[in-house]
Amino acid sequence: MLASSLLANYCTENHDDQTQKVDRYLPHLHLSMETIMDVSVRFRREMDKGLCRDTNSAAAVKMLPTFVLSTPDGTEQGEFLALDLGGSNFRVLLVKVMANGKQEVEMEDQIYTIPENLMRGSGSELFDHIAECLADFMEKLGIKDKKLPLGFTFSFPCEQKKLDEGVLMSWTKAFRASGVEGKDVVSLLRKAIAKRGDFKVDILAVINDTVGTMMTCGYDDHLCEIGLIVGTGTNACYMEQMRNLELLDGDEGRMCVNTEWGAFGDDGALEDLRTDIDREIDAGSFNPGKQLFEKMISGMYMGEMVRLILVKMTKDKLLFQGKTTAQLLTTGRFKTSYIYNIDSDKDESLLRAEEVLRDLGLDPSLEDCIATKRVCEIVSTRAAHLCSASLVAVLRQIRDNKAAEKLRTTIGVDGSVYKNHTEFSRRLHKMVRRLVPDCDVRFLQSQCGSGKGAAMVTAVAYRLAAQNAERQRILDTLRLSREQLLDVKNRMSEAMVRGLSRQSHEQSSVKMLPTYVRSTPDGTEHGDFLALDLGGSSFRVLLVQVRKGKKHSVDMQQKIYSIPQETMQSTGEELFNHIVDCIADFLDYIGMRGASLPLGFTFSFPCHQSRLDQGILLKWTKGFKASGCEGQDVIMLLKDAVRRRQEFDLNFVAVVNDTVGTMMTCGYEDPQCEVGLIVGTGTNACYMEEMRNIELVEGGEGRMCVNMEWGAFGEYGELDDFCTEFDHVVDESSNYPGKQRYEKMISGMYLGEIVRNVLMDYTSKGLLFRGKLSERLKTRGIFETKFLAQIEKDRLAMRQVRSILQHLGLTSSTCDDSVLVKEVCSVVARRAAQLCGAGLAAMVDKIRENRNLNQLSITVGVDGTLYKTHPHFSSIMQETLQDLAPQCQVTFHKSEDGSGKGAALITAVACRVKNEEQH
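Residues numbered from 1 in each chain as written. Predicted model: local features only at pLDDT ≥ 70, side-chain atom pairs only at ≥ 80, totals over all residues. Heavy atoms only, no water.

A. Structural view of the pairing of strand 10 (residues 234-241). By the criterion of burial, strand 10 is predominantly enclosed, with eight of the eight residues buried. Burial along strand 10 is two-sided: Thr234, Ala236, Tyr238 and Glu240 and Asn235, Cys237, Met239 and Gln241, pointing in opposite directions, are all buried. Two elements, strand 9 (residues 224-230) and strand 10, share five bridges in a ladder whose sense is antiparallel. Its bridge partner lying in strand 10, Gly227 is registered against Cys237. Taking the residues that link successive antiparallel strands as the turn, the strand 9-strand 10 hairpin has three residues. Summarising the sheet, strand 10 and strand 11 (residues 254-258) pair through five bridges and their orientation is antiparallel. Within the sheet, the bridge partner assigned to Met239 lies in strand 11 and is Cys256. (Buried < 20%, exposed > 50% of the residue type's maximum accessible area, 1.4 Å probe, protein only. Helix = DSSP H or I, 4+ residues; strand = E, 2+ residues; numbered from the N terminus. Pairing = 2+ DSSP bridges.)

Below, the structure written as structure tokens:
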């Protein structure tokens, strides 16, 4: 034995000589930083190949979907059974998960053996045995009468199409049971349980041990999104973005991917790094040419690599005086567990080396022990560094997915090498942190193995199913069936008829106001016209020059002016004086001071008209409160202000609202445009109605544009059947409860508020944000409707949803939360678009019936931010319209120049009609 006095005299120089001797002998086992980084890049490429539909079949790293969609969030609770099968012993567990604020887990388990004859016998006998052990366990615990959810850790390569299905690709670990490969192991287990008939379980999930490790650690640390095993074998899994998983449909949320990275290099990608020793190990294995990365890292091969190196060095007379022994020459005699004690910084590490070598029949010197220690260190270090290279590729993938400058994440780890070989884990941690300094990585050791993980996967699946059912129940109140949409269409049709009738006009929520616009452009209009566009705190003055001929065109010059808050809320005289000052400035700006031009006035406030050039203001909205205006004709107020200034004359021809302006703008480019629609902050529509139907106006010839003011639809209870609790909250907290009910279900001013109220309800029920309500989310108006458009952009990276949620103070929101928020936005926007489509269907069908047509071809001019910016609103609206009014062929024409140009065109049409009448 190496005497302690000899060890005391062991000098650094002696140690260094032996170390250098081994290093010179094993140069190819030393990996430079450059090489390690290159391996990481190669592995990232292999990941990409495995994720891509076109290259997956040829990829060595298969990147298998596991259908595990979420890690634990701490709210899981209940009793779960778990089976953990991966070797000749297997465990049955009862796992009680408590969400009592402390996040406690209680486990009872029992280990059962699988006789060797069953491992190599028939599959049905194997699964009958498993079912028998499960029955025995349940009997002992007195839970046979309960139907509990069960998770199945099955640590063999499986292909999955869903969470509760795993088709065995090939047996490993000495199992050879017939009739199982190519079959779904969950079905085989269910069949064995059903055959017995004395208990029932609900098998929710089948997973491998790597996923189990991630889920076990994920329960204790919510940042855990990677599972790593370095034991007899090695593998890793991680939470990947669905949009990168091309093998599956769907691009929202995340799914755990089982990399099966042990096969990295099976296609030759590591050939330049493999040594003769690696090739010898592979040749002597039971699966030559397979799992080449695993053979360079894992516990099954590490000890054998050390043994082969010692044999080689002995034969080259560098160790043991050139004398081998039968034990040293026996495959598998140098166990990986020996390395744990020899490759250590503990004082007794050389004594451990001597014990092992003597056990192999050798008579080692101190130098032999030092050299053996160095061989163990080199083999272990290479394994740790190769493992860190591939792990870093996974970390970079996750960081890039999140577009995070600094990634904070946790890696759940299990396996005998990692747990028992402290130097291996230390080297692994150190190299990972060195390679990705921009990742804050925590390694968390799994204490309870993958059995608890199977239970956690089941608990998460159980939670997700229950939570999803509750979320769908809530969202179903916001979903409209075809029958309901037909109902909305019919009720809108009835309201339109009531609004047109002199007798029932007052009792209609849809006022159907005559606009005195009698004609749309025909292309012969020409001349110079002024237009004013007033609808908010800024307004526009425009010069619109209309040219006729083959290439009829419109040229515009415009200037935008602001209206100070104090002017909006002062007297009508001051407000209109300010408007006229701006007109004077504009005429100076275009060099037409003192000119007398026909003028059209887009005035986007509720008005009663009895002719085209008159508009009685019914009430101010949008923050205006100028006194002395309500009940007055706005054209007269403007004329009075022009007279007071005495600088120029205006020929007041038309006052219109923005919906009519939109119809006229689009009508100039498309003569079939006879409908105007606005879906923006608010919503409204107008269309050309037959004069004979407009009972509020004398005369029965021709047509007139009717301003529906359809936002008020529902004020007489027409939409009560379709209003949800969220609509009621939004209505009650608005500036005018009970009014504009249709608008409140459709327009941009309110959709964000509906979404916010749904999110608040979700959170209060623990269905979102882990039940934690941020103060900002409680703030009315904080969830802007523009967020709906941003969130719903096709294939939008979830990181943008996250950034919006972070803006709302929801800094701890997860990827799962982002998916749920997107779903709410989608449902709310879809309902809005469908309601809008149902209203349009009522309108175009009325036009078709007015004209006694079997088929109507018509164009709708559209404006408004919601219609223009939301990625799906227009298509859903059009689908609904097509479905509910199949006899109408409707084209949509976006208004590009706003309603100011429309006011000028109405003025141009009025001037043309007047000239025609005079001649």
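On we go.
B. Region of the structure containing the packing of aromatic side chains. Overall, the coordinates contain 25 aromatic pairs when judged by the stated rule. Ring centres 6.0 Å apart and planes at 35° place the aromatic pair Phe539 and Tyr561 in the tilted group. A residue pair is termed long-range when its members are at least 10 positions apart, and Phe539 in strand 16 (residues 538-547) and Tyr561 in strand 17 (residues 553-562) qualify at 22 residues. Overall, the relative accessible area of 1% leaves Phe539 in the buried class. (Phe/Tyr/Trp six-rings, centres within 6.5 Å; stacked < 30°, edge-to-face > 60°.)

C. Geometry of the packing of helix 3 (residues 33-51) against helix 13 (residues 366-402). Between helix 3 and helix 13, whose axes approach to 8 Å, the crossing angle comes to 55°. Between helix 3 and helix 13, the angle is such that the two are oblique. In the packing of helix 3 onto helix 13, the handedness of the crossing is right-handed. Taken together, the residues of helix 13 that come into contact with helix 3 (itself represented by Ile36, Val39, Ser40, Phe43, Arg44, Met47, Asp48 and Leu51) are His385, Leu386, Ser388, Ala389, Ser390, Val392, Ala393, Val394, Arg396, Gln397 and Asp400. Taken together, the residues that form the contact of helix 3 with helix 13 break down as ten nonpolar, five polar and four charged. (Axes fitted to C-alpha atoms, helices over the stretch in contact; angles between N-to-C directions. Parallel < 35°, antiparallel > 145°, perpendicular 65-115°, else oblique. Left-handed = near helix turned anticlockwise from the far one by under 90°. Contact = heavy atoms within 4.5 Å. Nonpolar A, V, L, I, M, F, W, Y, C, P; charged D, E, K, R; others polar.)

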